[in-house]
Structures are given as structure tokens and as C-alpha cells.
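# A look at the structure
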Amino acid sequence: MDCIFCKIINGEIPSNKLYEDEKIIAFHDINPEAKVHFLVVPKEHICCADKIDSTNSQIIAHIFELIPALAKKAGLENGYRIINNCGEDACQSVPHIHFHIIGGEKLPEHIK
Ligand code: 5GP
Ligand code: ZN
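Computed from a prediction, not measured in an experiment: that's the story for all the values here. (Residues numbered from 1 in each chain as written. Chains lettered and ligands numbered in written order. Predicted model: local features only at pLDDT ≥ 70, side-chain atom pairs only at ≥ 80, totals over all residues. Heavy atoms only, no water.)

## Comments concerning the state of the cysteines
Here the structure, examined in full by the defined rule, presents 0 disulfides. Unpaired in terms of disulfides, Cys86 finds its nearest cysteine sulfur in Cys48, a separation of 4.2 Å. Its relative accessible area of 31% is what places Cys86 among the partly exposed residues. (Disulfide = S-S within 2.5 Å. Buried < 20%, exposed > 50% of the residue type's maximum accessible area, 1.4 Å probe, protein only.)

## Quick word on the sheet that holds strand β5 (residues 99-103)
Strands sit in the order β1-β2-β3-β5-β4 across an open sheet of 5 strands; the sheet is antiparallel. Each of the sheet's edge strands pairs with one partner strand only, and the pair in question is β1 (17-20) and β4 (80-83). Pairwise comparison of adjacent strand axes, ignoring direction, gives a mean angle of 15 degrees for this sheet. Bridge count for strand β2 (residues 24-28) against strand β3 (residues 36-42) is 5 bridges, and the pairing is antiparallel. Opposite His28, over in β3, you have Phe38 as the bridge partner. Contacts from helix α2 (residues 57-73) reach β1, β2, β3, β4 and β5 within the one sheet, and its direction differs from that of β3 by about 155 degrees. (Pairing = 2+ DSSP bridges. Helix = DSSP H or I, 4+ residues; strand = E, 2+ residues; numbered from the N terminus. Axes fitted to C-alpha atoms, helices over the stretch in contact; angles between N-to-C directions. Contact = heavy atoms within 4.5 Å.)

## A word on the layout of surface pockets
The volume enclosed by the largest pocket comes to roughly 580 Å³. Taken together, 26 residues line the largest pocket, and the ones lying closest to its centre are Asp29, Leu39, Ser93, Val94 and His100. Every element with two or more residues in the lining of the largest pocket is listed here: α1 (4-9), β2, β3 and β5. Of the residues that constitute the lining of the largest pocket, the class distribution is 13 nonpolar, 10 polar and 3 charged. (1 Å grid on protein atoms, 1.4 Å probe; cavity = no way out; pocket = protein on both sides within 12 Å on 5 of 7 lines; lining within 4 Å. Points joined across faces, edges and corners; volume = space filled by probe spheres on them. Nonpolar A, V, L, I, M, F, W, Y, C, P; charged D, E, K, R; others polar.)

## Re the site of ligand 1
Around ligand 1, the surrounding shell holds 16 residues, and the nearest of these are His28, Asp29, Asn85, Ser93 and His100. One of the backbone N or O atoms of His28 is found 2.9 Å from a nitrogen atom in ligand 1. Contact distances for ligand 1 include 3.4 Å between an oxygen atom and a backbone N or O atom of Cys91. Because more than half of its atoms lie within 2 Å of the grid, ligand 1 is assigned to the largest pocket. Those elements that place two or more of their residues in the shell around ligand 1 are α1 and β2. In terms of residue class, the shell around ligand 1 is built from 8 nonpolar, 7 polar and 1 charged. (Near = heavy atom within 4 Å. Polar contact = N/O pair within 3.5 Å; in protein donor to acceptor, adjacent residues only side chain to side chain. Sits in = over half its atoms within 2 Å of the grid points.)

## Observations concerning the environment of Tyr80
Within the fold, Tyr80 resides in strand β4. In sequence terms Tyr80 and Leu107 are 27 residues apart; their C-alpha atoms lie 8.4 Å from each other. Excluding its chain neighbours within four sequence positions, the residues that come into contact with Tyr80 are Ile67, Pro68, Ala71, Ile101 and Ile102.

## What about the pairing of β1?
Examined bridge by bridge, β1 and β2 share 3 bridges and lie antiparallel to one another. Counted as the bridge partner of Tyr19 is Ala26 from β2. Counting the residues that bridge the hairpin from β1 to β2 gives 3 residues.

Don't take any of this as a statement about function, it's just geometry.
In C-alpha cells:
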């Protein structure tokens, strides 16, 4: 499949990995919007939040259960922002669901 995140997951494209288990991977964003900016991505190709349902919500729960530990590992001791862009109007640029974890400095009230 011609999906950049599937290629990162299967090792075809290198990434600066923060964490990996059998269900998810977390790696630093190639174009960080703040001092710390990483992405948490399920290994299963789900295109976007609009396709979350009872068959795949466990993996989303797994991601959110791990976010506190991943944030701690990344040194985010003072808070962070979790962003998910879903679909065209939200400017989702990679159609494989992912959660941006952004912090490491005081963020503007709104970030694109
Ligand atoms: P979106 O706009 O879909 O919410 O976010 C996609 C994110 O993926 C962007 O922040 C972009 O910088 C990041 N990204 C795109 N291609 C790559 C890549 O090849 N490697 C890494 N590490 N990040 C990528
Ligand atoms: Zn994919």
C-alpha cells in the first residue's frame, strides 16, 4: 500500500522511534511544530478518526492508555497537546490515523 506511515511501520522508511509494540508505533515528527513533537500511530491502517468503530476502538484505547508514559519518556513534564486531524477540512495530510503529541515549551493557545 502506498502509505507513508505503513512504510515507516514496516521499516521501508526510517524514523526516529520513541516507542514500538505489537500494536502501535510512536516516532518524532519530521517537521516539528514545537520542541517536542511526536506521532502515535496504530500499526493497523485506519485512515482517520471518522473510521473508528467497535472493531478497532481497542487500539485507540491502547494509544490513549500509553500516552502518559510516552509523554513522560519524551520529557513532557509540564503538559502537552494531543491533536488529531481528520479529513480534508482539518488538513489531514497523511491518511493513516495518528495523534500528534506536542509540547516541551509553552504553546500558543491555538496551533494549526
Ligand atoms: P497530519 O497533517 O496528517 O495531521 O500530520 C502528518 C504529520 O506527519 C505532519 O506533521 C508531518 O510533518 C509528518 N510526516 C509526514 N511525513 C513524515 C515522515 O516521512 N516521517 C515523519 N517522521 N513524519 C512525517
Ligand atoms: Zn497506512
